Amino acid sequence: MTKPPATQAVRDYLLGLQQTIIQALDTCEQAAGGTQTCLQEPWHKAAHEPLQGNGITCILEGGQVFERAGCGFSHVQGVALPPSATQKRPELAGAAFEAQGVSLVFHPRNPYVPTVHMNVRMITAFPVKGPAVSWFGGGMDLTPYYGFEEDAVHFHRVCRASVQPFGPERYARYKQWCDEYFFLKHRNEQRGVGGIFYDDVSELGFDGGFAMMQSVGSHFLEAYLPIVERRKDMPYGQAQRDFQSYRRGRYVEFNLVFDRGTHFGLQSGGRTESILLSMPPQANWAYQKTFAPGTPEAALTEQFLIRRDWLAGL
């Protein structure tokens, strides 16, 4: 199969992005007095496995700021695209493919710090007939346990800045896409306050799609770290930790039931430990749990886990 142009440039950018993010993660931990640093584990797929390729899984567990934070890079090739990748491209069913990307989920210790997810990726299919077809996907979204308007506004403002150079309509389009994608249908509930999400983007061409990937990835730390700094030292008790664990259960439900990235990795024979690095260290479930009106716990679902225009008037 013929490689598309600049595949190595995409790989180089993604590896650099991963290192920049985990260095920032380690710095954040050290500044808070933590002693844990990210474990970096390179991996290679064996010759007999369904996928070929390699990657680096970086994970920090038991930190002062982050209870579990994973950031993975993967670059793999396979003989046939899995069903999750051809839902909107049935003409590519069965085509050989190459996929590379960086995906992360950070689960903070303090319940007042939100969980965050970010992913940027490129997939190339090699149909039997016709030229190679490449497309890009990615985005970032914020999942708070206790809602703060200024955090949601800041996150969305940076998300808008990351895609604004590629068309004034893209933020609104990708914000709506994010709201619709990160939605727990069986709960009739948003996963968080959203952000931006896009998939199967090829209309910008290779250069434009790659440029937008770089912009989204490179805006991540600006979107998230100021929120961490504002919230990481807020006092909390066991009640807040219990609520955090309860809400993490919703995160698990989405990732296992709906997330296309999880499905793509598992269906294609990816590395299970790396695919599931998004799981929180602890989560729980309760039967028909309710919260009293007027409490911060009730306010989360009433005021934050709804589709809102966070940048109205800005």
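How each quantity is defined
- Residues numbered from 1 in each chain as written.
- Predicted model: local features only at pLDDT ≥ 70, side-chain atom pairs only at ≥ 80, totals over all residues.
- Heavy atoms only, no water.
- Helix = DSSP H or I, 4+ residues; strand = E, 2+ residues; numbered from the N terminus.
- Rg over C-alpha atoms; globule rule 2.2 N^0.38 Å.
- Buried < 20%, exposed > 50% of the residue type's maximum accessible area, 1.4 Å probe, protein only.
- Contact = heavy atoms within 4.5 Å.
- Areas by Shrake-Rupley, 256 points an atom, 1.4 Å probe, with all protein chains shown as cover.
- Lys, Arg positive; Asp, Glu negative; His and termini not counted.
- Charge placed at Lys NZ, Arg CZ, Asp CG, Glu CD.
- 1 Å grid on protein atoms, 1.4 Å probe; cavity = no way out; pocket = protein on both sides within 12 Å on 5 of 7 lines; lining within 4 Å.
- Points joined across faces, edges and corners; volume = space filled by probe spheres on them.
- Nonpolar A, V, L, I, M, F, W, Y, C, P; charged D, E, K, R; others polar.
- Polar contact = N/O pair within 3.5 Å; in protein donor to acceptor, adjacent residues only side chain to side chain.
- Core = buried A, V, L, I, M, F, W, Y, C linked by side-chain atoms within 4.5 Å.
- Phe/Tyr/Trp six-rings, centres within 6.5 Å; stacked < 30°, edge-to-face > 60°.
- Salt bridge = Lys/Arg side-chain N within 4 Å of Asp/Glu carboxyl O.
- Pairing = 2+ DSSP bridges.
- Axes fitted to C-alpha atoms, helices over the stretch in contact; angles between N-to-C directions.

S.K.: Teacher, can you tell me more about the overall build of the protein here?
M.R.: Counting its secondary structure elements, the protein contains nine helices and nine strands. In terms of overall size, the protein behaves like a compact globule, its C-alpha atoms giving a radius of gyration of 19 Å where 314 residues would be expected to give roughly 20 Å. Overall, the C-alpha framework of the protein stretches about 60 × 45 × 35 Å when taken along its three principal axes. Here the protein holds 314 residues, and the buried ones make up 57% of them. Contacts in the protein between residues far apart in sequence, at least 24 positions, make up 72% of those at least 6 positions apart. Split by element, the accessible area of the protein, about 13500 Å² in all, is 54% carbon and sulfur. In the protein, which carries 29 positive and 31 negative side-chain charges, the distance between the mean positions of the two groups comes to 3 Å.

S.K.: What am I meant to see in empty space enclosed by the protein here?
M.R.: Using a probe with the size of a water molecule, rolled over the atoms, empty space left in the structure can be pinpointed. All chains considered together, the criterion is met by three cavities of 30 Å³ or more. Its boundaries defined by the atoms lining it, the largest cavity holds a volume of some 850 Å³. In terms of lining, the largest cavity is formed by 41 residues, of which the most central are S103, N119, G261, T262 and F264. Where the lining of the largest cavity is concerned, the elements lending two or more residues are β3 (66–78), β4 (96–108), β5 (115–126), β9 (194–201), α6 (238–257), α7 (260–267) and α8 (272–275). When residues of the lining of the largest cavity are assigned to their parent elements, the largest contribution, six residues, is made by β4. Looking at the lining of the largest cavity residue by residue, the classes come out as 18 nonpolar, 16 polar and seven charged. In this structure, the second largest cavity encloses a volume near 60 Å³. Lining the second largest cavity we find 13 residues, and of these P144, Y146, G147, F148 and D151 sit closest to its centre.

S.K.: Mind showing me how you'd approach α7 here?
M.R.: Quick reminder: α-helices carry 3.6 residues per turn. Residues three or four places apart thus point the same way. Every buried residue of α7 is accounted for by R260, T262, F264 and G265. The inward-facing, buried residues of α7 abut β4, β5, α3 (170–181), β9, α6 and α8. Structurally, the start of α7 carries an N-cap: the backbone nitrogen of T262 is 2.8 Å from a side-chain oxygen of D259.

S.K.: Help me understand the environment of R157 in this model?
M.R.: Tracing the backbone shows R157 in helix α2 (residues 149–163). Setting aside anything within four residues of it in sequence, one finds R157 in contact with L311 and L314.

S.K.: Just checking my understanding: could you explain the nonpolar core for this structure?
M.R.: What tends to happen in soluble globular proteins is that the nonpolar side chains get buried as a cluster. Counting residues in each nonpolar core, the largest one holds 60 residues, and the members touching the most others are F66, F106, M140, M213, F220 and Y224. In terms of residues, this core owes the most to one element, helix α1 (residues 7–31), which gives eight residues. Dropping the residues within four chain positions of it, F66 is found in contact with L25, C28, E29, L60, F106, H107, P108, R109, Y224 and V228. Ranked by size, the runner-up nonpolar core spans 12 residues in total, among them W43, L51, F97 and W135.

S.K.: Sorry, what's going on with the packing of aromatic side chains here?
M.R.: Remark: the centre distance and the inter-plane angle together describe each pair of aromatic rings, the angle taken between the planes. Tallying each qualifying case throughout the model produces 24 aromatic pairs. Pairing Y13 with F210 gives two aromatic rings, centres 6.3 Å apart and planes at 75°, and the pair type is edge-to-face. Of this pair, Y13 sits in helix α1 while F210 sits in helix α4 (residues 205–218), placing them 197 residues apart in sequence. Given the relative accessible area of 15%, Y13 is considered buried. Assessed through its relative accessible area of 11%, F210 is described here as buried.

S.K.: How should the pattern of salt bridges be read in this particular structure?
M.R.: Where side chains of opposite charge bring their charged atoms close, a pairing between them can arise. This structure, assessed with the given rule, holds 20 salt bridges. The salt bridge involving D141 is made with R191; its shortest N-O contact spans 2.8 Å. Here R191 lies in the loop between β8 (189–190) and β9 and D141 lies in strand β6 (residues 133–143), a separation of 50 residues in the sequence. Of the two residues, D141 and R191, both sit in the buried class. For the salt bridge of R187 with E253, the shortest nitrogen-to-oxygen distance reads 2.6 Å. Of this pair, R187 sits in the loop between β7 (183–184) and β8 while E253 sits in helix α6, placing them 66 residues apart in sequence. Overall, R187 belongs to the partly exposed group, its relative accessible area being 35%. The exposure class of E253 is buried, given its relative accessible area of 11%.

S.K.: Sorry if this is basic, but what is going on with the sheet that holds β6 here?
M.R.: Remark on secondary structure: sheet strands pair via backbone hydrogen bonds, oriented parallel or antiparallel. Strands sit in the order β1-β2-β3-β4-β5-β6-β9 across an open sheet of seven strands; the sheet is antiparallel. Here the strands that pair on one side only, and so sit at the sheet edges, are β1 (39–44) and β9. Going from strand to strand, the sheet's axes swing by 5° on average, the running direction of each strand aside. Bridge analysis of β5 against β6 gives 11 bridges, and the strand direction is antiparallel. Counterpart to T115 in the pairing with β6 is T143. Across the sheet, α2 lies against β5, β6 and β9, angled at about 30° from β9, the strand it touches most.

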